[in-house]
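Structure assessment
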Amino acid sequence: MIHVLALSGSLRASSVNTALLRACARLTPADMNVTLFEAMDQIPLFNPDNEGHETSAVLLLREALKNADAVIIASPEYAHGVTGVIKNALDWIVGSGELEAKPLALLNSSKRSTHAPAALRETLTIMGAHVLDSGSPTLSLSSNQVSEEQALAMPDVTTALQGMLSALAQAIEARALECNAL
Ligand SMILES: Cc1cc2nc3c(=O)[nH]c(=O)nc-3n(C[C@H](O)[C@H](O)[C@H](O)COP(=O)(O)O)c2cc1C
């Protein structure tokens with residue numbers, strides 16, 4: 001079974017990004033599961049002084065990332081930047097390295113967002129993640145009022161999400177082959 005961890009960069013109860021990640025969990029092939037990390041709102045502000053005595057939410061995040069074969073990040077853009085929620089969570093992983101060589105898809109819900117996805121890609125790349133190119137879709141959802149059920153009823157959205165899951169599965173397989181060849 002392939003385990004994919006999904007991180008949302010929005011804490012909004014009706015977040016489109018979170019809804020899309022929940023939709024992904026219902027579109028998986030039989031040999032894959034997608035689990036949304038539910039404790040993003042419990043990750044404290046990153047402070048390097050606290051490395052070595054992290055909170056349980058930070059340890060949970062690291063463990064979930066370590067055990068995941070791949071990761072999906074869906075995050076909004078705020079003021080042409082990455083949300084503090086996702087950047088703060090990632091800052092806790094810089095030193096511990098769970099994203100090293102990990103296949104990762106960036107899911108962008110809106111074509112209007114260009115700055116944040118680019119910045120996020122740069123951050124994730126320097127952290128060692130294998131950020132997929134064609135497997136990181138940009139959708140055309142302009143409203144921030146799209147529910148999980150509504151997303152699942154949009155064929156263009158479900159096709160894009162299934163394409164992303166398939167690209168992740170391929171990247172995981174390629175990584176396994178590379179590791180076996182070593
Ligand atoms: C404080 C704030 C700043 C925003 N800045 C941008 C922006 O710079 N570019 C953009 O495309 N959308 C921007 N938006 C719109 C959000 O990206 C959009 O509402 C998105 O759906 C929020 O994601 P969520 O539904 O997952 O919470 C901003 C929204 C907020 C609340």
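Heads up: these notes are all about the structure in this document. Being a predicted model, the structure only gives us computed values, none of them experimental. (Residues numbered from 1 in each chain as written. Predicted model: local features only at pLDDT ≥ 70, side-chain atom pairs only at ≥ 80, totals over all residues. Heavy atoms only, no water.)

**Some points on the pattern of salt bridges**
For the structure on display, the rule yields eight salt bridges. With its nearest N and O atoms 2.8 Å apart, the salt bridge here joins Arg62 to Glu54. By relative accessible area, Arg62 is classed as buried at 11%. (Salt bridge = Lys/Arg side-chain N within 4 Å of Asp/Glu carboxyl O. Buried < 20%, exposed > 50% of the residue type's maximum accessible area, 1.4 Å probe, protein only.)

**Quick word on the pairing of strand S1 (residues 2–8)**
Here S1 lies mainly inside the structure; six of its seven residues are buried. Bridging between S1 and strand S2 (residues 32–36) involves five bridges; their strand directions are parallel. Considered in S2, the bridge of Ala6 is made with Leu36. For the crossover from S1 across helix H1 (residues 16–25) to S2, the handedness is right-handed. Direction of pairing for S1 relative to strand S3 (residues 70–74): parallel, over a ladder of five bridges. Bridge assignment links Ser8 to a residue of S3, and that residue is Ala74. (Helix = DSSP H or I, 4+ residues; strand = E, 2+ residues; numbered from the N terminus. Pairing = 2+ DSSP bridges. Right-handed = clockwise from strand over helix to strand, strands pointing away.)

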